[in-house]
Amino acid sequence: MKAIAVAAPQWMGIGLVGMMLAGTVQADDHGMAQADIVDTAIEAGQFDTLVAAVKAAGLVDTLKGEGPFTVFAPTDDAFAALPEGTLDTLLMPENKDQLQAVLTYHVVPGKIMAEDAMAASSATTVQGQDLTITTMDGKVMINDATVTAADVMASNGVIHVIDKVLIPE
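A quick note: this is a predicted structure, and the numbers were derived from the prediction, not measured. (Residues numbered from 1 in each chain as written. Predicted model: local features only at pLDDT ≥ 70, side-chain atom pairs only at ≥ 80, totals over all residues. Heavy atoms only, no water.)

### Description of the sheet that holds strand β4 (residues 130–136)
- With mixed pairing, seven strands are arranged side by side in an open sheet as β2-β1-β7-β6-β5-β4-β3. In this open sheet, the two strands that pair with only one neighbour each are β2 (107–109) and β3 (122–124). When strand polarity is set aside, the average angle formed by the axes of neighbouring strands in this sheet is 30°.
- Direction of pairing for strand β1 (residues 69–74) relative to β2: antiparallel, over a ladder of three bridges. Bridging across to β2, Thr 70 finds its partner in Val 108. (Pairing = 2+ DSSP bridges. Helix = DSSP H or I, 4+ residues; strand = E, 2+ residues; numbered from the N terminus. Axes fitted to C-alpha atoms, helices over the stretch in contact; angles between N-to-C directions.)

### Side note on the side chain of Gln 100
- Note that Gln 100 resides in helix α7 (residues 96–104).
- A distance of 2.7 Å separates a polar atom in the side chain of Gln 100 from the backbone oxygen of Ala 57. (Polar contact = N/O pair within 3.5 Å; in protein donor to acceptor, adjacent residues only side chain to side chain.)

### Some points on the confidence of the model for the chain
- Taken over all residues, the pLDDT of the chain has a mean of 83, while the share at 70 or more is 80%.
- The least confident element of the chain, judged by mean pLDDT, is helix α1 (residues 2–21) at 38; the most confident is helix α5 (residues 76–80) at 97. (pLDDT = per-residue confidence, 0-100.)

### Some remarks on the pairing of β1
- Buried residues dominate β1, accounting for six of its six residues.
- In β1, alternate side chains face the same way, and those of Phe 69, Val 71 and Ala 73 on one face and Thr 70, Phe 72 and Pro 74 on the other are all buried. (Buried < 20%, exposed > 50% of the residue type's maximum accessible area, 1.4 Å probe, protein only.)

### Considering the pattern of salt bridges
- For the coordinates displayed, the defined rule picks out three salt bridges.
- Asp 36 serves as the salt-bridge partner of Lys 64, at 2.9 Å between the closest nitrogen and oxygen. With Lys 64 in the loop between α4 (60–63) and β1 and Asp 36 in the loop between α1 and α2 (37–44), this residue pair connects regions lying 28 residues apart in the sequence.
- On the basis of relative accessibility, which here comes to 11%, the residue Asp 36 falls in the buried class. (Salt bridge = Lys/Arg side-chain N within 4 Å of Asp/Glu carboxyl O.)

### A closer look at α2
- For α2, every residue scored as buried is listed here: Ile 37, Val 38, Thr 40 and Ala 41. Along α2, the residues classed as buried sweep out an arc of 165° about the axis, all on the same side.
- For α2, the capping residue at the N-terminal end is Asp 36, with a side-chain oxygen 3.0 Å from the backbone nitrogen of Val 38.
- With its phi angle positive at about 80°, Gly 45 sits one or two positions after the end of α2. (Arc of directions from axis to C-beta.)

### Some thoughts on the packing of helix α3 (residues 48–56) against α7
- α7 packs onto α3 with a crossing angle of 130° between their chain directions and a minimal axis gap of 9 Å. Comparing the axis directions of α3 and α7 gives the class oblique. Handedness of the crossing formed by α3 with α7: left-handed. Contacts between α3 and α7 involve Leu 50, Ala 53, Val 54 and Ala 56 from the former and Lys 96, Leu 99 and Leu 103 from the latter.
- For the contact of α3 with α7, the per-class residue count stands at six nonpolar, no polar and one charged. (Parallel < 35°, antiparallel > 145°, perpendicular 65-115°, else oblique. Left-handed = near helix turned anticlockwise from the far one by under 90°. Contact = heavy atoms within 4.5 Å. Nonpolar A, V, L, I, M, F, W, Y, C, P; charged D, E, K, R; others polar.)

### Things to note about the pairing of strand β7 (residues 157–162)
- Burial runs high along β7: six of the six residues are buried.
- By the alternation rule, side chains of β7 split into Gly 157, Ile 159 and Val 161 and Val 158, His 160 and Ile 162, which are all buried.
- The pairing of β1 with β7 spans six bridges and is parallel. Paired with Phe 72 across the bridge in β7 is His 160.
- Direction of pairing for strand β6 (residues 145–154) relative to β7: antiparallel, over a ladder of five bridges. Residue pairing in the sheet places Val 147 in a bridge with Ile 162 of β7.
- Counting the residues in the hairpin turn of β6 and β7 gives two residues.

As structure tokens, this is what we get:
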């Protein structure tokens, strides 16, 4: 348990980076090296808020780490849908621990492809709580968020783009 508490902030950073990378075009099989989760998110252009949060939480180096990690990455639109003031509060330096908890709640250790996720009912996050996985009308749901793009590969894991920010209990 102590190892998880020590590693959780690092994994949270990875989760944020992963979320940012989810929309990025990944390298194909033509000899191009894949980018890590953070660089993938930056290149995607739809994870600016996630990347800023990962930087504020001090998780960039973690998310650039070896992994593998599975990141359920909310888009900029997902962050914009949070109640007014929520993001600003999380980004305050005095709330760094809370921001890390939110970000690591989006990261699962290991590489879980969409097919595997659809066969599961839950997954334990780096933050320590479980995410509920369901399939409705052919769509995969993570808690109450819908996966809008799946299996975005990065050199250190996989990103699944989601339409909501997940908040731990």
